[in-house]
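Below are the chains, spelled out letter by letter.
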Amino acid sequence: MEALFCIGCGAQIQTEEKNRAGYTPQSALEKGLETGEVYCQRCFRLRHYNEITDVHISDDEFLKLLHEVGDSSALVVNVVDIFDFNGSVIPGLPRFISGNDLLLVGNKADILPKSVKASKVKQWLTERAHEEGLRPLDVLLTSAQNHYAIKELIASIEKLRKGRDVYVVGVTNVGKSTLINAIIREITGDKDVITTSRFPGTTLDKIEIPLDDGSYIFDTPGIIHRHQMAHYLSAKALKYISPKKEIKPKTYQLNPEQTLFLGGLGRFDFLQGNKQGFTAYFDNNLKVHRTKLAGADAFYKKHAGELLTPPDKEELADFPQLVRHEFAVDGKTDIVFSGLGWIRLAGQAKIAAWAPQGVAVVTRKALI
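Residues numbered from 1 in each chain as written. Predicted model: local features only at pLDDT ≥ 70, side-chain atom pairs only at ≥ 80, totals over all residues. Heavy atoms only, no water.

*Asks:* Describe the pattern of salt bridges, and please don't skip the residues or the numbers.
*Replies:* A pair can form between side chains of opposite charge whenever their charged atoms are brought close. One pass over the full model with this rule turns up twelve salt bridges. Two residues, Lys108 and Asp81, come together in a salt bridge whose shortest N-O distance is 3.1 Å. With Lys108 in the loop between strand S2 (101-107) and helix H6 (118-131) and Asp81 in strand S1 (residues 74-81), the pair connects residues that are 27 residues apart, well separated along the chain. For the residue pair Lys108 and Asp81, the accessibility class agrees, reading buried in each case. Put simply, Arg267 and Asp269 hold a salt bridge, and the shortest N to O gap is 2.9 Å. Given the relative accessible area of 5%, Arg267 is considered buried. (Salt bridge = Lys/Arg side-chain N within 4 Å of Asp/Glu carboxyl O. Helix = DSSP H or I, 4+ residues; strand = E, 2+ residues; numbered from the N terminus. Buried < 20%, exposed > 50% of the residue type's maximum accessible area, 1.4 Å probe, protein only.)

Right, dumping it as structure tokens:
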């Protein structure tokens, strides 16, 4: 059969892989052939439902796109997940955007407990960005899901771009596309206004959103980051690491040589120190189980995939083994399980934190 191409973005139409560019269901393809208008699913959703969805592209394709960003005179808006900064960092981004201005956007701010001060989060994001070689002109906290601080974001983009194009970049699962949609809704005032002719997906690698002065906002595809917790979970299990509501902290009084299991996704061992409270900040639905350190290995082996979920039994076969990270802590400190949440310590302690292989565990000054 002759190759078919989406009239919205130019991607070659295919019906096999949902997460690859050009995908359309067979039934939709047949209907499109009848009408003479063949769209990929991504462009169809953009055209009819004001939805912009990520296309998963290869690392090489993404590097090519970053070169394009670096060769342009533009404002780069880097969207990161406040809960998963490590998994949100785009490899090589500082090198590619060295000549361009950067606005760093920490998304999912509404999930943080109300007791968290925004200034502390901004300071922490700024410090982490500097460690990665990024020098943002400003750091904003937003919630694409709840439309929080979208007006402020638009105002900051308009101020910093100085008539230039804008590239919005981010890895998958940080809420970048939801944020783009929120910006479009705010600008147009109507969530159903998008049509293919007005906001065309002009090429495979980006969607162009025209601005009044002839410049564009370019929405780039999300890249899968190999260190994201989300990379190892099914869509069903993602809800445990992508909270939609404000997190409710839970405090556990632990003696030395006690362990907390974070579902089957992580583990926290209290090795040495005085009995004290450890406050857990995770999705409200994630089950935390307490047990003795001495039998923790056997407990995990017996209950992973059943009592300790996610992952469930089916996902467990492809789930990475948990890797141990040891820390000596003195004073108010957060032990951050990248992409999952954190545990706050108040006093002196020696602890071990376990996370899936490739997923980072880091310490920071307590946010609360």
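*Asks:* An account of the nonpolar core is requested, with residue identities and associated values reported.
*Replies:* Grouped burial of nonpolar side chains is what soluble globular proteins tend to show. Within the largest apolar cluster, 58 residues are counted, with the highest numbers of intra-cluster contacts made by Val77, Leu103, Val121, Leu125, Leu153 and Ile157. For this core, the element with the highest residue contribution is S1, accounting for six residues. Once residues within four sequence positions are removed from consideration, Leu103 is found in contact with Leu75, Val76, Val77, Asn78, Asp138, Leu140, Leu153, Ser156, Ile157 and Leu160. Counting residues in hydrophobic clusters, the runner-up holds 41 residues, among them Phe261, Ala296, Ile335 and Leu345. (Core = buried A, V, L, I, M, F, W, Y, C linked by side-chain atoms within 4.5 Å. Contact = heavy atoms within 4.5 Å.)

*Asks:* Give me the packing of aromatic side chains: which residues, what numbers.
*Replies:* A complete count under the given rule lists ten aromatic pairs for this structure. Ring centres 5.7 Å apart and planes at 25° place the aromatic pair Phe261 and Phe299 in the stacked group. With Phe261 in strand S8 (residues 258-262) and Phe299 in helix H9 (residues 296-303), this pair connects stretches of sequence that are 38 residues apart. Under the relative-accessibility criterion, Phe261 is labelled buried at 0%. Following the ring pairs from residue to residue traces out a cluster consisting of Phe83, Tyr281 and Trp342. Geometry around Trp124 places Arg364 over its ring, the cationic atom sitting 4.7 Å from the centre. Seen from the ring of Trp342, Arg364 lies directly overhead, with NZ or CZ sitting 4.6 Å from the centre. (Phe/Tyr/Trp six-rings, centres within 6.5 Å; stacked < 30°, edge-to-face > 60°. Lys NZ or Arg CZ within 6 Å of the ring centre and 35° of its normal.)

*Asks:* Please give an account of H6 that cites residues and values.
*Replies:* In this model H6 runs 20 Å from its N-terminal to its C-terminal C-alpha over 14 residues, within 8% of the 20 Å that 1.5 Å per residue would give. Those residues of H6 that are buried are in contact with S1, helix H4 (85-88), S2, strand S3 (138-141) and strand S16 (361-365). (Expected span 1.5 Å × (residues − 1).)

*Asks:* Summarise the packing of helix H7 (residues 150-161) against helix H8 (residues 176-188); cite the residues concerned and give the values.
*Replies:* Contact geometry for H7 and H8: axes closest at 10 Å, N-to-C directions at 85°. As far as their axial angle goes, H8 and H7 are roughly perpendicular. Counted together, Ile150, Lys151, Leu153, Ile154 and Ile157 of H7 and Leu179, Ala182, Ile183, Glu186 and Ile187 of H8 form the full contact between these two elements. (Axes fitted to C-alpha atoms, helices over the stretch in contact; angles between N-to-C directions. Parallel < 35°, antiparallel > 145°, perpendicular 65-115°, else oblique.)

*Asks:* Any chance you could break down the pairing of strand S10 (residues 276-281) for me, citing the residues and the numbers?
*Replies:* The buried fraction of S10 amounts to five of the six residues, a majority that puts the element mostly inside the structure. Alignment of strand S7 (residues 250-254) against S10, held across five bridges, turns out to be antiparallel. Considered in S10, the bridge of Lys250 is made with Ala280. (Pairing = 2+ DSSP bridges.)

*Asks:* Outline the sheet that holds S7, listing residues and values.
*Replies:* Overall, antiparallel pairing links the five strands, which are arranged S7-S10-S14-S13-S16 in an open sheet. One side of each edge strand has no neighbouring strand; the edge strands of this open sheet are S7 and S16. Each strand of the sheet is rotated relative to its neighbour by a mean of 25°, with strand direction disregarded. The sheet contact formed by strand S13 (residues 333-337) and strand S14 (residues 341-345) spans five bridges and is antiparallel. Of the residues in S14, the one forming a bridge with Val336 is Trp342.

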